[in-house]
Amino acid sequence: MTDADVKTSDIRGLGPDAKEIDEDIILVKAYLNGDIYAFEKLYKKYQSIVFNVVNRMVGSEDAHDLTQEVFLSVIKSLSKFRYESKFSTWLYSIAKNTCLNRIRCRKRLKEDSLDMLIIDQPGFEIADDSVNIENTIEANELKMLVNNVLNEMKPEYKMLIVLRDFQQLSYEEISNIMNINLQTVKSRLHRARLSFKEKFKPFVSIYKVK
């Protein structure tokens, strides 16, 4: 089945708003109608996005396996997708639940490992190869420090920061993903950021971070 066939068959009969149908929805419908390559396209589109979320939440050691677990859950549940939200929002919800479940299962483990999250946050990146070794080491240490501070936070708070500050999702999308109302998203995110700042405060003067 070609892309053209998928679009024609899935848009037919959907009414005057057919042109606005999300491409993801078309691929979901195509997969459920027997086109296995449609899901492959969804996987290729979202694999790195899901991996980034998982990596930031649970660390690199489990990231690959957990990413695969997320997509296996998607395949098993896809027939239950009700098209009431964007596919990406639904996918984030599954990734969130998978990550939080894994964190709860290993909550007794130490959370200060230097092998945890790898965060590419603007402001902590090394500008170019001309930076001296001392600055490079300091930047890497700062990344590790930020990661460790995040790991000390409540999993729900960490997830909010990951979705909003790293994935740049809207409050509305986060509301749907976390299954909480918009005002709760804003208030909890505010508390999460305050919590992070409080935990990071002792290191501000060392790294001259505002």
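Here we summarise the structure given alongside this text. (Residues numbered from 1 in each chain as written. Predicted model: local features only at pLDDT ≥ 70, side-chain atom pairs only at ≥ 80, totals over all residues. Heavy atoms only, no water.)

**Observations regarding helix 8 (residues 171-178)**
Note the threshold: Note on classification: 1.4 Å probe, protein chains only; a residue is buried when its accessible area is under 20% of the maximum for its type, exposed when over 50%, partly exposed between these limits. Numbered from the N terminus, helices here are DSSP runs of H or I no shorter than four residues, and strands are runs of E no shorter than two.
All of the buried residues along helix 8 are Glu-173, Ile-174, Ser-175, Ile-177 and Met-178. Taken from the residues just after helix 8, Asn-179 is the one with a positive phi, measuring 60°.

**Concerning the packing of aromatic side chains**
Which entries qualify depends on this criterion: Note on ring pairs: Phe, Tyr and Trp rings are taken, using the six-membered ring of Trp, and paired if centres are within 6.5 Å. Classes follow the plane angle, with under 30 degrees stacked, over 60 edge-to-face and the rest tilted. In this scheme, Lys NZ or Arg CZ marks a charge over a ring once it lies within 6 Å of the ring centre and within 35 degrees of the ring normal.
Counting across every chain of the model gives nine aromatic pairs. Consider the rings of Tyr-31 and Phe-39, whose centres lie 5.4 Å apart with planes at 45°: the pair is tilted. Between Phe-87 and Trp-90, the ring centres sit 5.9 Å apart and the planes meet at 45°, which makes this aromatic pair tilted. One end of the pair, Phe-87, and the other, Trp-90, are both in helix 5 (residues 87-105), three residues apart, so they sit about a helical turn from each other. Comparing Phe-87 with Trp-90, the two get one shared label, buried. Grouped by ring-pair contacts, the aromatic residues Tyr-46, Phe-81, Tyr-83, Phe-87 and Trp-90 constitute a single cluster. For Arg-164, the ring lying beneath its charged end belongs to Tyr-171, and the centroid distance is 4.2 Å. The lysine or arginine in question, Lys-186, covers the ring of Tyr-171, its NZ or CZ lying 5.5 Å from the ring centre.

**A few points about the packing of helix 2 (residues 23-32) against helix 3 (residues 36-58)**
Definition in use: To get an axis, a line is fitted to the C-alpha atoms, and for a helix only the part in contact is used. The angle between two axes follows their N-to-C directions and goes from 0 to 180 degrees. The handedness criterion is simple: a crossing whose near helix is rotated anticlockwise from the far helix by less than a right angle is left-handed, and one whose near helix is rotated clockwise is right-handed. What makes two residues a contact is simply this: any of their non-hydrogen atoms within 4.5 Å.
Running from N to C, helix 2 and helix 3 cross one another at 140°; their axes reach a closest spacing of 7 Å. As for the relative orientation of helix 2 and helix 3, their crossing is left-handed in sense. Where helix 2 approaches helix 3, its residues Asp-24, Leu-27, Val-28, Ala-30 and Tyr-31 are matched on the opposing element by Ile-36, Ala-38, Phe-39, Lys-41, Leu-42, Lys-45 and Tyr-46.

**Focus: helix 4 (residues 60-77)**
Turn by turn, an α-helix covers 3.6 residues, leaving residues three or four places apart pointing in a common direction. Operational definition: Every helix has an expected span of 1.5 Å times one less than the residues it contains.
A rise of 1.5 Å per residue sets the reference length of helix 4, with its 18 residues, at 26 Å; its end C-alpha atoms lie 26 Å apart and thus fit the reference within 8%. Taken residue by residue, helix 4 has Asp-62, Ala-63, Leu-66, Thr-67, Val-70, Phe-71 and Val-74 as its buried positions. Contact partners of the buried residues in helix 4: helix 3 and helix 5.

**Overview of the packing of helix 7 (residues 155-166) against helix 8**
Selection rule: When residue character is reported, Ala, Val, Leu, Ile, Met, Phe, Trp, Tyr, Cys and Pro are called nonpolar, Asp, Glu, Lys and Arg charged, and the others, Gly included, polar.
Where helix 7 meets helix 8, the axes come as close as 10 Å, and the angle between the chain directions of the two elements is 145°. In this structure, the crossing between helix 7 and helix 8 has a hand that is right-handed. Here Glu-156, Met-159, Leu-160, Leu-163 and Arg-164 of helix 7 lie close against helix 8, whose contacting residues are Tyr-171, Ile-174, Ile-177 and Met-178. Partitioning the contact of helix 7 with helix 8 into residue classes produces seven nonpolar, no polar and two charged.

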